[in-house]
Amino acid sequence: MKNLVYVLGIVFVFLFSNISAQCPTTDIVIKSQSELNQLFNNYPNCHKITKSITFANTTNAALTDLRPMLKIDSIMGDLVLKINNTPSIEGLSNIKYVGGNVSIQTNDALVSIPKFDSLKHVTKTISISLNPKLISVKSFENLISVGTISISQNDLLDTIDAFHHLKSIQSFLNLYYLKNLEVLKGFDSLATVGQEVFIALKESSNLKVLPSFHQLKYVNLNFTINANLNGTYVCLNNLDSISNSLVLNLPLTTSITVAPKATTISKIDFTGSNKLKTLQGFDQLKQADDIYLLLPSLTQLCPFNELQVANERIYLWLDSIPILQGFNKLKTAGEIFFNCN
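Quantities reported herein were computed from a predicted structural model and do not represent experimental measurements.

Details of the packing of aromatic side chains
Using the criterion set out here, one finds 12 aromatic pairs in the structure. Ring centres of F213 and F223 lie 5.4 Å apart, and the angle between their planes is 90°; this geometry places the pair in the edge-to-face category. Here F223 lies in strand β18 (residues 222-227) and F213 lies in the loop between β16 (196-201) and β17 (218-219), a separation of 10 residues in the sequence. Accessibility classification places F213 together with F223 in one group, the buried group. Ring centres 5.3 Å apart and planes at 15° place the aromatic pair F304 and F327 in the stacked group. Here F304 is found in the loop between β25 (300-301) and β26 (309-318), whereas its partner F327 is found in the loop between β26 and β27 (332-333), with 23 residues between them in sequence. F327 matches F304 in its accessibility class, with the two residues each being buried. Site record: aromatic cluster; members linked through ring pairs are F116, F140, F163, F187, F213 and F223.

As structure tokens, this is what we get:
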């Protein structure tokens, strides 16, 4: 019996050692194609990277084919891409889970984002920045949840058409300083944001499309868009509440329809939308702390017919509006200021 236990113990230790040795147990840094090939020669059965993996080659060490990574379905740490002299990257399409960050930064020749066809969850941040030749972000179609998304400082980026099935952002959505951006589409399924949506695209002089965020129901802090979008913008059709502020600074937009189902928004501020003629929405809004509308070109204002409480103030500076109607159920307001001709 003792011999049997001893033998079983040896077998268990052997099996455990074999399993644990399927992948490296430390962070991995790949600096050349030969290093990547050698990694999977040494660990042919590796499918889950237990730490982080960084791709960072020099201009003299080619790294052109990541297809050995097709064996990998999960990365418990970070995935970092800092690859030189490579316009396109393939081989990451079977990764389903990243436990840390996905960082795509300072790739000097990258034109388009790698296909992440299987990726569903990223625990921390997807960061795409400082890629001087990047033209488009069209990927992440099966991503469901992420900690933060940050896309910035990609000088040639003209199209973001991605994240269409994303349901939850745990912290932040930050899109800013994308001076060549023309089309921003996506986030069609986004329902909750744990902290803030911040889209600052004033430098994007050719911007033609913004996402509608029609499935977004809850934002824990702020929802802010600063952008030069011409024409009409309809957004936030199913929003229920924003705990802090809703800021739409759209200086070229002439008509906005927003948040017809929202019941609570702490602060509403459309200052800077100087060409806005029509503001519709807020049909169910019952409570706000601060409504601040300095809109010199406005000729039609939504009536705020369900608003009962404005704890701090209602400030309306509307030079062009012919008739001001509404606020029929208002019971409590800290301060009321109307300046209308």
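Observations concerning the sheet that holds strand β21 (residues 253-258)
Read from one edge to the other, the open sheet built from 4 strands follows the order β19-β21-β23-β25, with strand pairing classed as parallel. The sheet is open, and its two borders are formed by β19 (231-235) and β25, each paired with just one other strand.

Notes on the pairing of strand β23 (residues 278-281)
In the sheet, β21 pairs with β23 via 4 bridges, with the strands oriented parallel. Bridge assignment links S255 to a residue of β23, and that residue is T278. Of the strand pairs in this sheet, β23 and β25 are connected by 2 bridges, and their pairing is parallel. Note on β25: the bridge partner recorded for T278 is Q300.

Some details on the pairing of strand β7 (residues 102-105)
Two strands pair when backbone bridges link them, and strand β5 (residues 79-81) and β7 are joined in this way by 3 bridges, in the parallel orientation. Paired with V80 across the bridge in β7 is S103. Pairing between β7 and strand β8 (residues 121-129): 4 bridges, direction parallel. In the strand pairing of β8, I104 is matched with I128.

Description of the confidence of the model for the chain
When pLDDT is averaged across the chain, the result is 93; 94% of the residues are at 70 or more. Every residue in residues 4-20 scores below 50 in pLDDT, and together they form 1 contact with partners more than four places removed in sequence or on other chains.

A word on the state of the cysteines
Enumeration according to the criterion identifies 1 disulfide in this entry. Shown here is the disulfide that connects C23 with C46, its sulfur atoms set 2.0 Å apart. Classification of the bridge connecting C23 and C46 rests on its S-S torsion, roughly 110°, and on that basis the disulfide is right-handed. Remark: C46 occurs in the loop between α2 (33-42) and β2 (48-49) and C23 occurs in the loop between α1 (2-20) and β1 (28-30); sequence separation between them is 23 residues. This pair shows no difference in class: C23 is buried, exactly as C46 is. Sulfur of C302: no disulfide; nearest cysteine sulfur belongs to C235 and is 12 Å away. Given the relative accessible area of 0%, C302 is considered buried. Here C340 is not cross-linked by a disulfide; its sulfur's nearest cysteine counterpart is in C302, at 13 Å.

Quick look at the environment of G231
Structurally, the position occupied by G231 is in strand β19. Residue class for G231 comes out partly exposed when judged on its relative accessible area of 29%. Put simply, G231 and N42 are 189 residues apart on the chain and 58 Å apart in space, counted from C-alpha to C-alpha. Apart from the residues within four sequence positions on either side, G231 is in contact with L252, T253, T254 and S255.

Quick look at the environment of E306
Within the secondary structure, E306 sits in the loop between β25 and β26. Distance in space between the C-alpha atoms of E306 and E35 is 65 Å, their sequence separation being 271 residues. Leave out the neighbours within four places in its chain, and E306 touches D283, Q284, L285, K286 and K329. A polar contact is formed between the side chain of E306 and the side chain of K329, at a distance of 3.1 Å.

So, unusual backbone geometry
Even without glycine at this site, F187 takes up a positive phi of about 60°. The topology assignment puts F187 in the loop between β14 (183-186) and β15 (192-193). On the accessibility criterion, F187 (1% relative accessible area) is buried. Even without a glycine there, the phi angle at F282 is positive, about 55°. Residue position: F282 is located in the loop between β23 and β24 (287-294).

Quick word on the side chain of S266
Mapping S266 onto the fold places it in strand β22 (residues 264-269). The class for S266 is buried, based on a relative accessible area of 14%. Residues within four places of S266 in sequence aside, it is in contact with I242, S243, N244, A288, D289 and D290.

The rules behind the values
Residues numbered from 1 in each chain as written. Predicted model: local features only at pLDDT ≥ 70, side-chain atom pairs only at ≥ 80, totals over all residues. Heavy atoms only, no water. Phe/Tyr/Trp six-rings, centres within 6.5 Å; stacked < 30°, edge-to-face > 60°. Helix = DSSP H or I, 4+ residues; strand = E, 2+ residues; numbered from the N terminus. Buried < 20%, exposed > 50% of the residue type's maximum accessible area, 1.4 Å probe, protein only. Pairing = 2+ DSSP bridges. pLDDT = per-residue confidence, 0-100. Contact = heavy atoms within 4.5 Å. Disulfide = S-S within 2.5 Å. Polar contact = N/O pair within 3.5 Å; in protein donor to acceptor, adjacent residues only side chain to side chain.

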